[in-house]
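Structural overview
Residue strings, one per chain:
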Amino acid sequence: MTTKAYGAHAADKPLQSIDIERRAPGPQDVQIDIAYCGVCHSDLHTARSEWGGTLYPCVPGHEIVGHVSAVGSEVSGFKVGDTVGVGCLVGSCQHCAACDEGLEQYCENGFVGTYNGPTADAPGHTLGGYSQCIVVDKKFVLKIRHSESQLAAVAPLLCAGITTYSPLRHWKVGPGSKVGVVGIGGLGHMGVKLAHAMGAHVVAFTTSDNKRRAALDLGADEVVVSRNADEMKAHANSFDFILNTVAASHSLDAFTSLLKRDGTMVLVGVPEHPHPSPSVANLIFKRRNIAGSLIGGIAETQEMLDFCADKGIVSDIEMIPAQKIDEAYDRMVKGDVKYRFVIDNASLAK
Ligand SMILES: [Zn+2]
Ligand SMILES: [Zn+2]
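Residues numbered from 1 in each chain as written. Chains lettered and ligands numbered in written order. Predicted model: local features only at pLDDT ≥ 70, side-chain atom pairs only at ≥ 80, totals over all residues. Heavy atoms only, no water.

1. Observations regarding the overall build of the protein chain
Across its full length, the protein chain carries eleven helices and 17 strands. Seen through its C-alpha atoms, the protein chain measures out along the principal axes to roughly 60 × 40 × 35 Å. When the 350 residues of the protein chain are sorted by exposure, 55% land in the buried category. Considering only contacts within the protein chain whose residues lie at least 6 apart along the sequence, 67% involve residues at least 24 apart. Just so you have it, the protein chain exposes about 14,700 Å², and 52% of that area is on carbon and sulfur atoms. Between the averaged position of the 31 positive side-chain charges in the protein chain and that of its 38 negative side-chain charges there is a distance of 5 Å. (Helix = DSSP H or I, 4+ residues; strand = E, 2+ residues; numbered from the N terminus. Buried < 20%, exposed > 50% of the residue type's maximum accessible area, 1.4 Å probe, protein only. Contact = heavy atoms within 4.5 Å. Areas by Shrake-Rupley, 256 points an atom, 1.4 Å probe, with all protein chains shown as cover. Lys, Arg positive; Asp, Glu negative; His and termini not counted. Charge placed at Lys NZ, Arg CZ, Asp CG, Glu CD.)

Structural data, given as structure tokens:
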């Protein structure tokens, strides 16, 4: 089936309207009419091949929400009209130790990304959510219980939401935890909302004083301007957990020294250039940890969506037509978005 999409033909070309083919649903497949797709930094890095290895044409988008328009003959649990989502994964081997534990994102044989991943479908790599329609194995389709009016703002939960939810859960953040969130952007604003909803005392770290009010509005209990040494010092040795969402290269020591004994700082942003090597003494003397975390598995993504539906949590978004995507990328690079762009996929028909 031919469907309209927005994609790039080369790293130095703007995204444009293109026609792509979707496979007819196989027995285990769910076909989805996409209503909205969030715009993630990974989309921009991939479309512009900033990480290398991008296959063209490239259709980004892995924060997908929409409605089921057809199901395969062996699909139960989804029916036409259901509101569903697709995140960063559309396949994994299903038989390694990671997959057995429901941690498909750590599949030892390599997960299949929603775009730029290997597939038998034309053109040989997966094409993402900047499109009218997608066909996905039912194991990688999520149920959405938010109201229809919230749907656009649900889209970013599929990447930004699960990327922050998974480490908060893994390190058992809850009532009594003191949690720091570094960087209040697409990921960080979700980290603040989720940690707050889990009952933690949340401290938002930002580089600019004028983001203070906005961070409090998101649910932060306190805001620290990380450039202010006195403000930082006041929180030394006090955090159970710090969620660091900043992708730009920066000194980690300023934050590890804020951790309690046995505290952990988890990194979820991938810097273009490595962070300066952290002070080992800073870790040894208080048995502190620096860790990393990648999105979340399918079961945990469903748990996150249900948690957000129960708590009324959505992302703060700015809706755009597909035709404005390059402009949106440029604004994202400057940090000029509160806090996530979401494409109205109805605009693809124009
Ligand atoms: Zn993403
Ligand atoms: Zn696997």
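On we go.
2. Remarks on the coordination of the zinc ion (ligand 1)
Protein ligation of the zinc ion (ligand 1) involves C40 (SG), H62 (NE2) and C159 (SG), the donor distances falling in the range 2.0 to 2.2 Å. Read in sequence order, the donor residues for the zinc ion (ligand 1) give the motif C-x21-H-x96-C. With H62 in the loop between helix 1 (41–47) and strand 4 (64–71) and C159 in the loop between helix 3 (151–154) and helix 4 (160–170), this pair connects stretches of sequence that are 97 residues apart. Judged on exposure class, the residue H62 and its partner C159 are both buried. (Donors = N, O, S within 2.8 Å, 3.2 Å for Na, K, Ca; no water.)

3. Remarks on the domain arrangement of the protein chain
Buried accessible area, meaning the area lost when the parts come together, often serves as the stated size of an interface. Domain parsing of the protein chain yields domain 1 (2–159 + 316–349) and domain 2 (161–292). For domain 1 and domain 2, the distance between their C-alpha centroids amounts to 28 Å. Taken together, the eight residues of domain 1 in the interface contact eleven residues of domain 2. Here domain 1 packs against domain 2, burying approximately 910 Å² in sum over the two surfaces, 53% of which is carbon and sulfur. The tally of links between domain 1 and domain 2 comes to one salt bridge. Residues D316 and K193 are paired through a salt bridge, measuring 2.6 Å at the closest nitrogen-oxygen approach. Taken together, the links from domain 1 to domain 2 amount to eight residue pairs in polar contact (both at pLDDT 80 or more). For the side of domain 1 that touches domain 2, the residue count by class is five nonpolar, no polar and three charged. (Domains from an automatic or database assignment. Buried area = accessible area lost by both parts, 1.4 Å probe. Salt bridge = Lys/Arg side-chain N within 4 Å of Asp/Glu carboxyl O. Polar contact = N/O pair within 3.5 Å; in protein donor to acceptor, adjacent residues only side chain to side chain. Nonpolar A, V, L, I, M, F, W, Y, C, P; charged D, E, K, R; others polar.)

4. Re the packing of helix 4 against helix 5 (residues 186–197)
Where helix 4 contacts helix 5, the two axes come as close as 8 Å, and the packing angle between them is 50°. Our classification of the angle between helix 4 and helix 5 gives oblique. Between helix 4 and helix 5 lies a crossing whose hand is right-handed. Residues A160, G161, T163, T164, Y165 and L168 of helix 4 form the contact with helix 5, whose own contacting residues are G186, L187, M190, G191, L194 and A195. (Axes fitted to C-alpha atoms, helices over the stretch in contact; angles between N-to-C directions. Parallel < 35°, antiparallel > 145°, perpendicular 65-115°, else oblique. Left-handed = near helix turned anticlockwise from the far one by under 90°.)

5. Considering helix 11 (residues 325–333)
For helix 11, every residue scored as buried is listed here: I325, D326, A328, Y329 and M332. The buried residues of helix 11 all sit within an arc of 155° when viewed along its axis, so they share a single face. Packed against the buried residues of helix 11 are strand 1 (2–7), helix 1, strand 16 (317–321) and strand 17 (340–344). G335 occupies a position one or two residues after helix 11 and carries a positive phi of about 75°. (Arc of directions from axis to C-beta.)

6. Let's talk about the coordination of the zinc ion (ligand 2)
Four donors placed tetrahedrally about a metal ideally form angles of 109.5 degrees, and six donors placed octahedrally ideally form angles of 90 or 180 degrees. Only C93 (SG), C96 (SG), C99 (SG) and C107 (SG) from the protein coordinate the zinc ion (ligand 2), and they sit 2.3 to 2.4 Å from it. Given four donor atoms and angles of 104 to 118° at the metal, the environment of the zinc ion (ligand 2) is assigned as tetrahedral. Coordination of the zinc ion (ligand 2) draws on donor residues from a single chain, spaced C-x2-C-x2-C-x7-C in sequence. Here C93 matches C99 in class, with each residue buried. (Tetrahedral: all angles 85-135°; square planar, octahedral: opposite > 155°, others 65-115°.)

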